[in-house]
Amino acid sequence: MAVTVESKGGAGPAPSYVTTPAWRFLLSLPVDRRLARHDVAGSIAHVQMLGDVGILTREEAGALARGLQRIYRDIETGSFRWREDLEDVHTNIEARLTEDLGPLGAKVHTARSRNDQIALDERLYLREAVAGVQQEILRLQLALLDLAEAHAAAPMPGYTHLQRAQPVTLGHHLLAHFWRLSRDHRRLSDAFDRANVSPLGAGALAGSTLPIDPAITARALGFAGPFENSIDAVSDRDYFAEVLFDLALLAVHLSSLGEEVVLWASQEIAFVRPAAALGSGSSLMPQKRNPDVAELARGKAGRVIGDLVSLLATLKSLPLAYNRDLQEDKAPVFDAVEQVLGTLDALTSTVSALEFDEARLEAAASDPRILAADLAEYLVSRGVPFREAHETVGRFLADPDATMDANALRNFDPRFGEDVAAILDVKASLARRGTHGGPSPQAVKAQIARAHDVVGLERYSLSKHAESVELVDRLLKEEAP
Ligand code: ARG
């Protein structure tokens with residue numbers, strides 16, 4: 001949105017409540033003007049409620065709503081003249097309404113405070129931000145799901161401690177990232193539901209002596225309902241803290257996916273082929289193709305974690321109810337949302353462009369030592385207690401030169417039978433790992449089907465969220481009665 005910010009001066013003097021020698025310090029417009037859309041929609045719902053309960057006449061309410069819609073059109077086209085001397089987005093819009101409508105404009109703030117107003121704007125913003133992040137999470141999940149389907153049966157080494165541990169399939173490994181993201185999606189839906197409560201009508205902290213009805217504005221804006229306690233309504237910032245945590249954990253998940261792409265792209269491992277979509281080149285070394293996107297995805301997590309810590313530090317020890325410290329709550333949330341959206345988008349392009357070298361993955365997974373646990377389980381199936389089987393295979397492998405084939409094993413311990421040769425094949429080993437949630441190609445197929453079901457549920461919850469968000473658009477655009 002293009003905006004012009006004027007410094008001191010403009011049409012009409014600033015109201016006394018924002019006039020102070022420290023106005024530059026108190027100024028929040030550069031941060032909160034991005035809430036204009038939500039601020040105007042909230043005001044429209046508010047004046048309509050004032051009309052419904054008879055505090056304003058129908059005509060007054062209609063004229064105010066239309067005046068607010070006109071202001072929103074100017075904000076959208078960038079012709080709205082923002083004034084920094086008016087401190088914040090709320091006062092800018094109210095002053096302009098009064099400029100346009102005269103004394104009627106000054107009625108918009110009846111039975112309202114900037115304290116319940118900002119809490120409302122934040123919740124309206126957050127609903128949209130959460131839905132936007134969820135949309136992007138889903139895109140990355142679909143990219144991972146595509147890749148997983150393409151490589152459902154491809155063997156690769158699974159790791160613990162970054163050491164080759166047991167064979168898995170590439171599809172299985174990629175789906176591990178899918179499920180993390182599905183929890184992130186769910187967590188954000190939970191946060192959406194808790195944020196979806198209207199604080200409007202709490203006033204400064206103690207409601208109003210006028211006969212307002214907070215349930216009416218709550219309904220008009222698509223909230224599940226109004227607040228229960230006016231003091232809590234103006235001081236609660238749980239919705240921001242909760243979403244910031246969800247974003248920080250999501251960023252941590254993305255950093256871990258990023259780290260794996262970096263490892264896979266290194267020449268030492270080379271599980272993926274170098275591709276332009278991974279990042280950019282080096283300004284000095286012509287041969288370089290760096291996995292910049294994945295590296296930066298790793299790096300952004302630190303920043304988003306910082307945003308969470310910043311907000312929690314602001315909230316710590318605040319007495320009830322509203323305190324001006326709370327003005328510092330917005331910047332970390334806006335930053336985290338922006339960074340996470342950017343990371344998701346870039347990482348989705350990178351993941352979609354990953355070209356795996358299946359032959360190399362299979363060669364790495366064919367390291368016979370990776371089947372040591374299979375050998376121990378083979379002995380178990382022949383009646384050897386597990387601990388003893390583990391010791392036996394361990395002793396065999398203690399010789400670094402031991403070739404792990406059927407003959408050597410049989411010579412080492414006669415409890416290994418003729419059929420042990422069949423154990424030493426990676427694909428056969430994978431096929432045996434068919435229990436629920438396991439890595440066998442068959443089990444991965446079943447897992448992919450469940451992942452598609454989850455995608456359906458996520459789409460459904462996105463459509464539910466969109467219903468609330470659409471009400472905001474309708475208030476801003478639809479002809480007011
Ligand atoms: N700029 C304030 C904030 O972001 C808005 C509420 C101001 N309330 C007040 N009484 N000064 O929290």
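Here is what the cut-offs are and how they apply
Residues numbered from 1 in each chain as written. Predicted model: local features only at pLDDT ≥ 70, side-chain atom pairs only at ≥ 80, totals over all residues. Heavy atoms only, no water. pLDDT = per-residue confidence, 0-100. Contact = heavy atoms within 4.5 Å. Near = heavy atom within 4 Å. Polar contact = N/O pair within 3.5 Å; in protein donor to acceptor, adjacent residues only side chain to side chain. Helix = DSSP H or I, 4+ residues; strand = E, 2+ residues; numbered from the N terminus. Nonpolar A, V, L, I, M, F, W, Y, C, P; charged D, E, K, R; others polar. Salt bridge = Lys/Arg side-chain N within 4 Å of Asp/Glu carboxyl O. Buried < 20%, exposed > 50% of the residue type's maximum accessible area, 1.4 Å probe, protein only.

> Quick question: what am I supposed to make of the confidence of the model for the protein chain here?
Should the pLDDT be low somewhere, the predicted coordinates at that spot are not to be read in detail. Here the protein chain averages 95 in pLDDT, while 98% of its residues score no lower than 70. Below pLDDT 50 for its whole length, residues 1-9 participates in 22 contacts with residues either more than four positions away or in separate chains.

> I'm lost on the site of the ligand in this one. Help?
Every residue near the ligand is listed here: Ser28, His90, Arg114, Asn115, Ile118, Tyr322, Arg324, Gln327 and Lys330. Here an oxygen atom of the ligand and a side-chain polar atom of Tyr322 are 2.5 Å apart. With three residues, helix H6 (residues 114-150) is the single largest residue contributor to the shell around the ligand. Residue classes in the shell around the ligand are distributed as two nonpolar, four polar and three charged.

> Looking at this structure, I do not really get the pattern of salt bridges. What am I missing?
It is possible for side chains bearing opposite charge to pair when their charged atoms get close. Within the structure shown, the criterion is met by 33 salt bridges. Across the salt bridge formed by Glu128 and Arg37, the nearest N and O atoms sit 2.9 Å from each other. Of the two residues, Glu128 sits in helix H6 while Arg37 sits in helix H3 (residues 36-52), which places them 91 residues apart along the sequence. Look at Glu128 and you get partly exposed, because its relative accessible area is 22%. A salt bridge links Glu362 to Lys427, with the shortest nitrogen-to-oxygen separation between them at 3.6 Å. Of this pair, Glu362 sits in helix H13 (residues 358-365) while Lys427 sits in helix H17 (residues 426-432), and the two are 65 residues apart along the sequence. By relative accessible area, Glu362 is classed as partly exposed at 26%. By relative accessible area, Lys427 is classed as partly exposed at 45%. Connected through salt bridges with shared partners, the residues Glu87, Asp88, Arg114 and Arg324 form a single ionic network.

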